[in-house]
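# Observations on the model geometry
Here is how the chains run, residue by residue.
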Amino acid sequence: MAGTDEMMEPTDRKRAARAMAMELRGSIAEELREERSRAACEGAKQWLGQAWPGCSSMMLYMPFRSELDVRPLIEWGWRSGIAVIVPRCLPEQRFMELYRIHSWNDVHAGAYGIMEPDPSRVPRCGEQFMPDVVFVPGLAFDRQGGRLGYGGGYYDRFYDRLHGLSMKLERSMPLWIGCGYEAQLVAEVPMEEHDARLGAIMTEQGISLTGNARTNPQA
Ligand SMILES: Nc1nc2c(c(=O)[nH]1)N(C=O)[C@@H](CNc1ccc(C(=O)N[C@@H](CCC(=O)O)C(=O)O)cc1)CN2
Ligand SMILES: Nc1ncnc2c1ncn2[C@@H]1O[C@H](COP(=O)(O)OP(=O)(O)OP(=O)(O)O)[C@@H](O)[C@H]1O
């Protein structure tokens, strides 16, 4: 046994937390997941409409496994004229390319079995493109903005790239919103130096800011 939690290295703590979080998220009944996903998307629409009417683009993930299903939010984006951006994973580089999609016809199954934009149908976003808001998937979250992912470092690397762009273009960072069920909230996610902190959390209870000033739209 590895001993107590405090004695473990962050990477080992993450591995243990990942296994628990995967099991927990997968154990939520499908009907409950659907119901909570719909409620979460409803809350996000209202929040974006009221707190952020100027929001013109949002990056969302294509849900897989038992993740919070943000597809209703994607469809609302299409109806409201907010640009809907989704990533395409390049597993060799653990890099995400961005594309704007206009309908479900623009996606097909990609790496890891995750739906992704079809590059033969839609053009890639320019190198300097920054979405206003990024909806981030995850296995577990905490109220301080901590997030646990699958361990590819995809979103952390993407955050760093956007941060570089935000400095270069003198633009504020997108709001980084972690998406999950209330059941995925834990007291404290094990975090490392390179881990990007969330500016907000979206669950079936609504959107709440974490107080991470750097990533808030007002900052
Ligand atoms: N919907 C969605 N899209 C996303 C993410 C996500 O969490 N959700 N990611 C978030 O960053 C990236 C994909 N990250 C992933 C990392 C690992 C595995 C995976 O299947 N890992 C294996 C074990 C490791 C391996 O085989 O190398 C597994 O879990 O069985 C899947 C996705 C980018 N796109
Ligand atoms: N900004 C970065 N630049 C280079 N490597 C990074 C960066 N961020 C994370 N990594 C590397 O990626 C690996 C996975 O990181 P981590 O465990 O934080 O992933 P995660 O946040 O769970 O994954 P994901 O973002 O894909 O959901 C680690 O080996 C880490 O060193």
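Shown above is the structure to which this text applies.
Residues numbered from 1 in each chain as written. Chains lettered and ligands numbered in written order. Predicted model: local features only at pLDDT ≥ 70, side-chain atom pairs only at ≥ 80, totals over all residues.

Let us look at the overall build of the chain. Summing up its helical and strand segments, the chain has 4 helices and 11 strands in all. Its C-alpha radius of gyration of 17 Å places the chain within 12% of the 17 Å reference for a compact globule of 219 residues. For the chain, the spread of C-alpha atoms along the principal axes amounts to about 50 × 45 × 35 Å. Across the 219 residues of the chain, 35% fall into the buried class. Considering only residue pairs separated by 6 or more positions, the chain has 65% of its internal contacts joining residues 24 or more positions apart. (Helix = DSSP H or I, 4+ residues; strand = E, 2+ residues; numbered from the N terminus. Rg over C-alpha atoms; globule rule 2.2 N^0.38 Å. Buried ≥ 20, exposed ≤ 12 C-beta atoms within 10 Å, placed from the backbone. Contact = placed C-beta atoms within 7 Å.)

Looking now at the site of ligand 2. G149, G152, G153, Y155 and D156 are the nearest of the 15 residues found near ligand 2. For the shell around ligand 2, the leading source of residues is helix 4 (residues 154-169), giving 5 residues. Along the lines of polarity and charge, the residues of the shell around ligand 2 split into 4 nonpolar, 5 polar and 6 charged. (Near = placed C-beta within 6 Å. Nonpolar A, V, L, I, M, F, W, Y, C, P; charged D, E, K, R; others polar.)

The next point concerns the packing of helix 2 (residues 30-51) against helix 3 (residues 71-80). As a packed pair, helix 2 and helix 3 sit with axes 8 Å apart at the nearest point and diverge in direction by 35°. Seen from helix 2, the contacting residues are R38, C41, A44 and K45; seen from helix 3, they are P72, L73 and W76. In terms of residue class, the contact of helix 2 with helix 3 is built from 5 nonpolar, no polar and 2 charged. (Axes fitted to C-alpha atoms, helices over the stretch in contact; angles between N-to-C directions.)

Let's shift gears to the site of ligand 1. As a structural note, the neighbourhood of ligand 1 is formed by 15 residues, with Y61, P137, Y150, G152 and Y154 the closest of them. Of all the elements in the fold, those that place two or more residues in the shell around ligand 1 are strand 2 (83-90) and helix 4. Here the residues of the shell around ligand 1 are counted per class, giving 12 nonpolar, 2 polar and 1 charged.

Bringing the environment of Y150 into the picture now. Within the secondary structure layout, Y150 lies in the loop between strand 8 (147-148) and helix 4. Note on Y150: 14 C-beta atoms within 10 Å, which makes it partly exposed. For the pair formed by Y150 and G138, sequence separation is 12 residues and the distance between their alpha carbons is 7.3 Å.

Take the sheet that holds strand 1 (residues 57-59) next. Here we have 7 strands laid out as an open sheet, ordered 3-2-1-6-9-10-11, and mixed in their pairing. Strands with a single pairing partner mark the edges of an open sheet, and in this sheet they are strand 3 (95-100) and strand 11 (206-209). Strand-to-strand, the axes of this sheet are offset by a mean angle of 25°, without reference to chain direction. Where strand 1 and strand 2 come together, 3 bridges link them in parallel fashion. Note on strand 2: the bridge partner recorded for S57 is A83. In the packing of helix 2 onto the sheet, the strands contacted are strand 10 (200-203) and strand 11, and the crossing angle to strand 11 comes to about 60°. (Pairing = 2+ DSSP bridges.)

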